[in-house]
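Each chain, letter by letter, is given below.
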Amino acid sequence: MSTDARPRSGLPHAEAAGTQDWAGTQDWVETQEWVDSLRDVVRATGAERASRLLRALQIEAQRHGVSLPVTSTTPYVNTIPVEHQARFPGDRDIERRIKSIIRWNAMAMVVEANQKSHGIGGHISTYASAATLLEIGFNHFWRGAEHPDGPDLIYFQGHASPGIYARAYLEGRLSPKQLHNFRREFAADGGLASYPHPWLMDDFWQFPTVSMGLAPIMSIYQARFMRYLEDRGLKPRTDQRVWCFLGDGETDEPESLGAISLAAREGLDDLIWVVNCNLQRLDGPVRGNGQIMQELEAVFRGVGWNVIKVIWGSEWDELLARDRDGLLVRRMGEVVDGEYQKYSVAGGAYIREHFWGVDPKLTQMVSHLSDDQLWRMRLGGHDPAKVYAAYRLAMEQRGKPTVILARTIKGYGLGEAGEGKNITHQQKVLNESELMDFRDRFDIPLSDDEVVGAPLYRPAPTSPEIRYLHERRRALGGYLPQRTRRRSHLRAPSEELFAEFFEGSGDREASTTMVFVRMLASLLREQGLGPHVVPIIPDEARTFGMEALFRSHGIYASTGQLYEPVDAGSLLYYKESKDGQILEEGITEAGSTSSFIAAGTSLTNYGIPTIPFFIFYSMFGMQRIGDLVWAAADSRTRGFLVGATSGRTTLNGEGLQHQDGHSHLLSSAIPNLVSYEPAYAYEIAVLIREGIRRMHEENEDVFYYLTVHNENYAHPPMPEGEDVREGIIRGIYRFRAAEQPDPKPRAQLLASGVLLNEALRAQEMLAADYGVAADVWSVTSWTEVRREALEVERWNRLHPGEPERLPHIARCLDGQPGVVVGVSDYMKTLPDAIAKWVPAPLIALGTDGFGRSATREELRRFFEVDAEHIVVATLSALARDEQIATSVAADAIARFGIDPEAPNPAYR
Ligand SMILES: Cc1ncc(C[n+]2csc(CCOP(=O)(O)OP(=O)(O)O)c2C)c(N)n1
Ligand SMILES: [Mg+2]
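Residues numbered from 1 in each chain as written. Chains lettered and ligands numbered in written order. Predicted model: local features only at pLDDT ≥ 70, side-chain atom pairs only at ≥ 80, totals over all residues. Heavy atoms only, no water.

1. Here's the deal with the pairing of strand β13 (residues 673–676)
- Both faces of β13 are covered, namely the face carrying Leu673 and Ser675 and the face carrying Val674 and Tyr676.
- Since β13 and strand β14 (residues 703–707) lie parallel, the crossover through helix α29 (residues 681–697) that links them has a hand, and here it is right-handed. (Buried < 20%, exposed > 50% of the residue type's maximum accessible area, 1.4 Å probe, protein only. Helix = DSSP H or I, 4+ residues; strand = E, 2+ residues; numbered from the N terminus. Right-handed = clockwise from strand over helix to strand, strands pointing away.)

Next comes the structure, spelled out in structure tokens:
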């Protein structure tokens, strides 16, 4: 640390306590009097009274223009004074032994994995720093599935997974083989996933946490959703809690802290966060030149969380008690994190010189301690008594969420192998002597010979450790983490519910967004299903014409509505209520997605199935919150994502940032996300029914992505034939065949979404003006068509001796003569994705490039996807195929006023 940050020695204690600058004896005496008075008040009438007094002074000071010190941080000491510390009820000795064994096994499994396969990865140091934080929870706080209140929901830091596995191994829930196969998921006898992935270990992990920043925001909305279920009477009110573990480095992710004000505003006192403040991230210190704990304290206190700092272990209590003039506290507060990190590596003599040595009084304070004793003075996050007290207090706090900032050392116990070192995050292999040191430090009963191979160690089932561990979990209602597979009792709605949509709209024009909203309203009204539907909107309900739902179903507000809304007199007023059904999230797609995940996993987490519909501005969906959608997939979330105002040329006027022509490419990357771009009302009706059927009757862990539009047009009745329904689901069916009885030339026009209407216009133009007979196919999903075709192709590849199977798309187009044009309001990649199963070369039209503020007609002309361009594409292909004269195509280009030399819109 720099010398100029050192305090002058012999400070009067008022300054040391941080009250005011010291300017002369008179000032000092006066300050002293004030401080003494405060002490008297606390002693005589208690801290509460003192706090009121200070508030009164604050108001008075404000009145006189006195600038007030910023009070968002407290001194750099534990929030809980020793005398208020809850008594630790456990068996210290046995718990230490259990923890030590878990530490050993967590380390051993990573070492073994990397000995077997160099570079397979894994992390030792994160768990090493978090062990006490986790063990106190496991032994004393977290309730399991059989607890009458229901299980606590715990988001574990992803990189600490070896420790969670190692505990489950001691509990007998994971086999030695599984641990031996850490990070070898293909091992014949079963392996373990690197990190928490419910997709991969669906009876173990509940929450994917390893993409940092997502667990924190998901945990907030989880706690909020729990409250929502209770307030709506879907779940009994219990003492169930949500805990989330974060790394201090992780708090730099915008998602980590981005929603903490919601948690405070909603008074989510069932939410407890523990930030493992080991002061390090992957490369080095989190805030080498500052103090991450103080920074976080200010942020959390600022928005109204309870903050409990657990900085110093019990060894410091006595010294702090002797620190009458506040010198030590002041010293603690001025050392920067980079320097603190150095103390954990450099040893007692260094600490004596650099921490204590700055002031003779401080030096004197520790003169009775050896260098070794100085070095071994524990930090709060490694002291069970301190951690227990913090958790106990967090459990007792009402009205606010709590964050525990716990100071730890990264790689604690690794010694030379990495304790507190900058390389520690990546440390994966320990040499013989390092293994022996580790064994000695944690008293693992393994001989020198045994230690070499870093074997797993598990005491006998009858040993006191194992008996204690089971007894604690029994008392708390079972083991954690544990994911429960449950079957939904919900059923797809009857066809009648959507009858009007199958019949078509006649001359009435409507957008697919309006159609969807009507369907949602019908679903909400359905007797059995309705209460389980959870509409989620990020401040866009009016854009989508959903405001009628405000009044009919209410916007969820945990406080109810405390004001008379300005539009109270109108029919569709802004109604908030405690049992409101709509989650109106405000402008946070990340928060809304977190709600979506909580709702879409409520069956496994609470035994209550819900069907979330998250309706958002499609451009601000996949590309904005893609990683959360990936986490939703991993979480086995069920529900519907609805991208409204989609389509690069269909959303008119809004321009480059708003017009979505690629979200279907992004969604196609997610294996269990089923995407559709329907054109007509009956298609949406079929798809929503089918989605609910798959998710709730078949209990498939899939979710749906539907894009809907804001362009109004008439919706036809559903064409006759069972294959239509099947085609809608599979992704393509013939919507309208050519009227001419098989003349030449011919074409097949494949179109999705609104552009189906352009294809139909092109069909008429081709027939009337060019004698070309075109069939028009509605493509509800390019990606589903492709997935099915790939599936069939794979089967054919692996079964060379069997008769070849045909994918749905090939069956549709087989024997359909002519050229093929595919058009969508999305990038050309979508039609291209199915080209290889189409019997003729497919000409793809699409909207590659940046959107523009313009009318739909202008946009479609610009992106070359309007009916005229479909006609030109068809004629051009026919000309190249020598079915018509080239001049016919060229004339059409001229006739439509298309400039063949215009630059490619894809790059403009
Ligand atoms: C979004 C994201 N970015 C980067 C990483 C890679 N990564 C894994 S752990 C880590 C450092 C974690 O530091 P911290 O949050 O302080 O946790 P600690 O291990 O120190 O407890 C990084 C950068 C990741 N997993 N997720
Ligand atoms: Mg860290």
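Next, the rest of the story.
2. What to know about the nonpolar core
- If you look at the biggest cluster of nonpolar residues, it comprises 91 residues, and the most contacted ones within it are Phe613, Phe640, Ile688 and Leu749.
- Each residue touching leucine 749, except ones within four places of it in the same chain, is listed here: Ala759, Ala762, Gln763, Leu766, Ala774, Asp775, Val776, Trp777, Val821, Ile870 and Thr874.
- Judged by nonpolar contacts, the second largest core, of 87 residues, contains Leu153, Tyr343, Leu362 and Ala599. (Core = buried A, V, L, I, M, F, W, Y, C linked by side-chain atoms within 4.5 Å. Contact = heavy atoms within 4.5 Å.)

3. Details of the sheet that holds strand β11 (residues 611–617)
- The sheet built from six strands is open, its strands ordered β10-β7-β11-β12-β14-β13 with parallel pairing. In this open sheet, the two edge strands, each paired with only one partner strand, are β10 (583–584) and β13.
- Summarising the sheet, strand β12 (residues 640–644) and β14 pair through four bridges and their orientation is parallel. Bridge pairing in β14 links glycine 643 to threonine 707. (Pairing = 2+ DSSP bridges.)

4. Structural notes on the site of ligand 1
- Every one of the 18 residues lining ligand 1 counts as a neighbour, but Thr126, Gln157, Asp248, Gly249 and Lys410 are closest to it.
- Note that an oxygen atom of ligand 1 is positioned 2.9 Å from one of the backbone N or O atoms of glutamate 250.
- A distance of 3.0 Å separates an oxygen atom of ligand 1 from a polar atom in the side chain of asparagine 278.
- Here ligand 1, which alone exposes 590 Å², has 76% of that area covered by the protein.
- Each residue belonging to the shell around ligand 1 can be placed in one class, and the counts come to three nonpolar, 10 polar and five charged. (Near = heavy atom within 4 Å. Polar contact = N/O pair within 3.5 Å; in protein donor to acceptor, adjacent residues only side chain to side chain. Areas by Shrake-Rupley, 256 points an atom, 1.4 Å probe, with all protein chains shown as cover. Nonpolar A, V, L, I, M, F, W, Y, C, P; charged D, E, K, R; others polar.)

5. Digging into the packing of helix α5 (residues 125–141) against helix α18 (residues 384–396)
- Where α5 meets α18, the axes come as close as 10 Å, and the angle between the chain directions of the two elements is 55 degrees. Judged on the interaxial angle alone, α18 and α5 are oblique. The element α5 and its partner α18 pack so that their crossing is right-handed. For the pair formed by α5 and α18, the contact residues are Thr132, Leu133, Ile136, Gly137, His140 and Phe141 on the first element and Pro384, Val387, Tyr388, Tyr391, Arg392 and Met395 on the second. (Axes fitted to C-alpha atoms, helices over the stretch in contact; angles between N-to-C directions. Parallel < 35°, antiparallel > 145°, perpendicular 65-115°, else oblique. Left-handed = near helix turned anticlockwise from the far one by under 90°.)

6. Examining a nonpolar patch on the surface
- Residues Trp34, Leu38, Val42, Leu54 and Leu57 make up a contiguous nonpolar surface patch of roughly 460 Å² in combined accessible area.
- Contributions of two or more residues to the nonpolar patch are made by α2 (25–45) and α3 (47–63).
- The leading source of residues in the nonpolar patch is α2, at three residues.
- When its relative accessible area of 33% is taken as the criterion, leucine 38 is described as partly exposed. (Patch = residues over 30% accessible without salt bridge, like charges linked within 9 Å, V, L, I, M, F, W, Y side chains within 5 Å. Salt bridge = Lys/Arg side-chain N within 4 Å of Asp/Glu carboxyl O.)

7. Observations regarding the coordination of the magnesium ion (ligand 2)
- Taken together, Asp248 (OD), Asn278 (OD1) and Gln280 (O) make up the protein donors of the magnesium ion (ligand 2), found 2.0 to 2.2 Å from the metal.
- Each donor residue of the magnesium ion (ligand 2) belongs to the same chain, with the gaps between them written as D-x29-N-x1-Q. You'll find asparagine 278 and glutamine 280 in the same group, each marked buried. (Donors = N, O, S within 2.8 Å, 3.2 Å for Na, K, Ca; no water.)

8. With respect to the environment of glycine 600
- Mapping glycine 600 onto the fold places it in helix α25 (residues 589–600).
- Under the relative-accessibility criterion, glycine 600 is labelled buried at 9%.
- Along the chain, glycine 600 and glutamate 146 lie 454 residues apart, while their C-alpha atoms are 22 Å from each other.
- In contact with glycine 600, other than residues within four places in its own chain, are Thr610, Pro612, Arg636, Thr637 and Arg638.

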